[in-house]
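Listed below, chain by chain, are the residues.
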Amino acid sequence: MNWGKFNLDLPNGIEIFEGFNEKIPLKAWAAVVDLNNQNLKVKILSSNDFDRCETPQQFLDNHKNARLVINGGYFVRAKNPTKHVGLLKTDGKLEEAASHSVYRDGIRYYINRGAFGIMDNGKVDISWCSTKNDSIFSWDNPLDNRPGYPVDSLTFNNSKFWDVSHALHAGPVLINNKKINVTVEEEVFFNTPVAGVQPRSAIGYTDDNKIIMMVVDGRQQVSRGVYLEELAILMDQFNCVEALNLDGGGSSAIVADDRLINRPAGRSSQREIMSAIAIFYNY
């Protein structure tokens, strides 16, 4: 992937890079946000609209000092109001607990899927996690699920309390401890559209306290989309310590400088989403 600076009117500490690969072909954008800049903060947002869904641009417009927004976790639009798939916590409030299990091909699998979290001090983390009562717990590894061979229980013996004020489930994890490790089977995303070639969004962080927020366009002639393994390689190019796949497909969108940067699934319009990750600049 060939990356170059993408010039926008953004505060110091926020840079956006545009990537091309004409052979595949691919188009992608990556925001690099320096959290060492005391004026920059990251937050997870959830929609307050009547149907619990709004576009990334609406998230940007409705939150004072928000300068950049990327789509967040999975959601089920068929329910009214919209329901988040797995954990969602914003400003210390647990809006949706984790799902302890999923059914795949008629088999029940217990899960601790990948999540992005933000602590009170502004530090970020990515971990495999679940909830118990109103508390969030994390694991060093995902449950060892394989297609047709489920883990048949979720125990918290090897977990630890995850002290985060913001968190959302998505998945699967792409990079762990600086190594590409796509846990699609362990998190039970096999035999779903998540595992195929798709438009993608991802988030990660580096050793030097920078956040990487990436979208890859797909379903169009100039950009086919990527497999999860390819997405992990792209995030690794930005030296991520850990990285997480977010909701993708037509939801994959990044908004900055008051406009849509990419073309979600080849469109210039934005799909309404339930959760988002935003960068705020307070000067």
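Throughout this description, residue numbers start from 1 for each chain and increase along the sequence as written. Local features are withheld for residues below a pLDDT of 70 in this predicted model, meaning they are given only at 70 or higher, and side-chain atom pairs are given and counted only at 80 or more; totals for whole chains, interfaces and linings count all residues. As a rule here, side-chain values cover all heavy atoms of the structure and leave hydrogens and water aside.

> Before we move on, can you summarise the nonpolar core with the specific residues and values?
Buried Ala, Val, Leu, Ile, Met, Phe, Trp, Tyr and Cys residues that are joined via side-chain atoms within 4.5 Å together make up what is termed a nonpolar core. Relative accessibility under 20% of the residue-type maximum defines a buried residue, over 50% an exposed one, and the middle range a partly exposed one, all with a 1.4 Å probe and only protein chains included. Residues Phe116, Leu174, Met213 and Ile277 are the most contacted members of the largest nonpolar core, which totals 77 residues. The way it works is that DSSP assigns letters per residue, a run of H or I at least four long becomes a helix, a run of E at least two long becomes a strand, and they are numbered from the N terminus. Looking at this core element by element, the count peaks at 7 residues for strand E3 (residues 26–34). Note on definitions: a residue-residue contact is assigned when non-hydrogen atoms from the two residues lie within 4.5 Å. Leaving out residues up to four positions away in the same chain, Ile277 has contacts with Val42, Lys43, Ile44, Leu68, Val69, Ile70, Phe116, Leu168, Ile203, Met213 and Leu246. Membership of the second largest hydrophobic core comes to 8 residues, among which are Leu87, Ala98, Cys129 and Trp162.

> Which residues make up the packing of aromatic side chains, and what are the values?
By convention, a stacked pair of Phe, Tyr or Trp rings (six-membered ring in the case of Trp) has centres within 6.5 Å and planes under 30 degrees apart, an edge-to-face pair has planes over 60 apart, and any other such pair is tilted. Following the criterion strictly, the structure yields 7 aromatic pairs and no others. Between Tyr109 and Phe190, the ring centres sit 5.5 Å apart and the planes meet at 75°, which makes this aromatic pair edge-to-face. Here Tyr109 is found in strand E11 (residues 107–110), whereas its partner Phe190 is found in the loop between strand E18 (179–180) and strand E19 (200–206), with 81 residues between them in sequence. When its relative accessible area of 1% is taken as the criterion, Tyr109 is described as buried. Note on Phe137 and Phe161: the rings are 6.1 Å apart at their centroids and 70° apart in plane angle, and the pair reads as edge-to-face. Of this pair, Phe137 sits in strand E14 (residues 135–139) while Phe161 sits in strand E15 (residues 160–161), and the two are 24 residues apart along the sequence. An aromatic cluster of three or more residues is present, and its members are Phe137, Trp139, Phe156 and Phe161. Directly above the aromatic system of Phe280 lies the positively charged group of Lys43, at a separation of 5.6 Å from the ring centroid. Note on geometry: a ring has a charge over it if NZ (lysine) or CZ (arginine) is within 6 Å of the ring centre and within 35 degrees of the ring normal.

> I'd like a rundown of the pairing of strand E17 (residues 173–176), residues and numbers included.
Pairing between two strands requires that DSSP report at least two bridges joining them. With 2 bridges joining them, E17 and strand E21 (residues 240–245) adopt antiparallel strand pairing. Bridging across to E21, Ile175 finds its partner in Ala243. Two elements, E17 and E18, share 2 bridges in a ladder whose sense is antiparallel. Each bridged residue has a counterpart across the sheet, and for Asn176 the counterpart in E18 is Lys179. Linking two consecutive strands that pair antiparallel, namely E17 and E18, is a turn of 2 residues; a positive phi of about 50° is found at Asn177 within it.

> Run through the pattern of salt bridges, naming residues and quoting values.
Just to be clear on terms, a salt bridge is a Lys or Arg side-chain nitrogen sitting within 4 Å of an Asp or Glu carboxyl oxygen. Counting across every chain of the model gives 13 salt bridges. Across the salt bridge formed by Glu96 and Lys83, the nearest N and O atoms sit 2.6 Å from each other. Residue Glu96 is located in strand E9 (residues 93–96), and its partner Lys83 is located in strand E7 (residues 83–84); the two are separated by 13 residues in the primary sequence. With a relative accessible area of 34%, Lys83 lands in the partly exposed category.

> Describe the environment of Lys83, listing the residues and the values that go with them.
Sequence-wise, Lys83 and Met274 are 191 residues apart; in three dimensions their C-alpha atoms are separated by 8.0 Å. Not counting the four nearest positions on each side in its chain, Lys83 is found in contact with Phe75, Val76, Glu96 and Met274. Separated by 2.6 Å, the side chains of Lys83 and Glu96 make a polar contact. Polar contact is the term for a pair of N or O atoms within 3.5 Å; when the atoms are in protein, one must be able to donate a hydrogen and the other to accept it, and sequence-neighboring residues count only if both atoms are side-chain atoms.

> Which residues make up the sheet that holds strand E22 (residues 254–256), and what values go with them?
The 5 strands are arranged E4-E24-E5-E22-E23 in an open sheet whose pairing can be described as antiparallel. Only two strands of the sheet have a single neighbouring strand rather than two, namely strand E4 (40–46) and strand E23 (259–260). Taken together, the 2 bridges between E22 and E23 define a ladder with antiparallel strand orientation. Each bridged residue has a counterpart across the sheet, and for Val255 the counterpart in E23 is Leu260.

> Tell me about the side chain of Glu187, and please be specific about residues and values.
Counting through the fold element by element, Glu187 comes out in the loop between E18 and E19. Buried and unpaired, Glu187 has no salt bridge, with Arg113 as the nearest side chain of opposite charge at 5.1 Å. Residue contacts for Glu187: discarding those within four places in its chain leaves Ile111, Arg113, Gly114, Trp128, Ala170, Gly171, Pro172 and Val173. Positive charge is attributed to Lys and Arg, negative charge to Asp and Glu, and no charge count is given to His or to the chain ends.

> Run through the pairing of E21, naming residues and quoting values.
The buried fraction of E21 amounts to 6 of the 6 residues, a majority that puts the element mostly inside the structure. The pairing of E19 with E21 spans 5 bridges and is classified as antiparallel. Within E21, the residue paired with Ile203 across the bridge is Leu244.

> Residue-level account of the sheet that holds E18, with values.
In spatial order, the strands read E1-E2-E3-E20-E19-E21-E17-E18; together these 8 strands make up an open sheet with antiparallel pairing. Among the strands making up the open sheet, the edge pair consists of strand E1 (2–5) and E18. Examined bridge by bridge, E19 and strand E20 (residues 210–216) share 6 bridges and lie antiparallel to one another. The residue bridging Arg200 from the neighbouring strand is Val216, located in E20.

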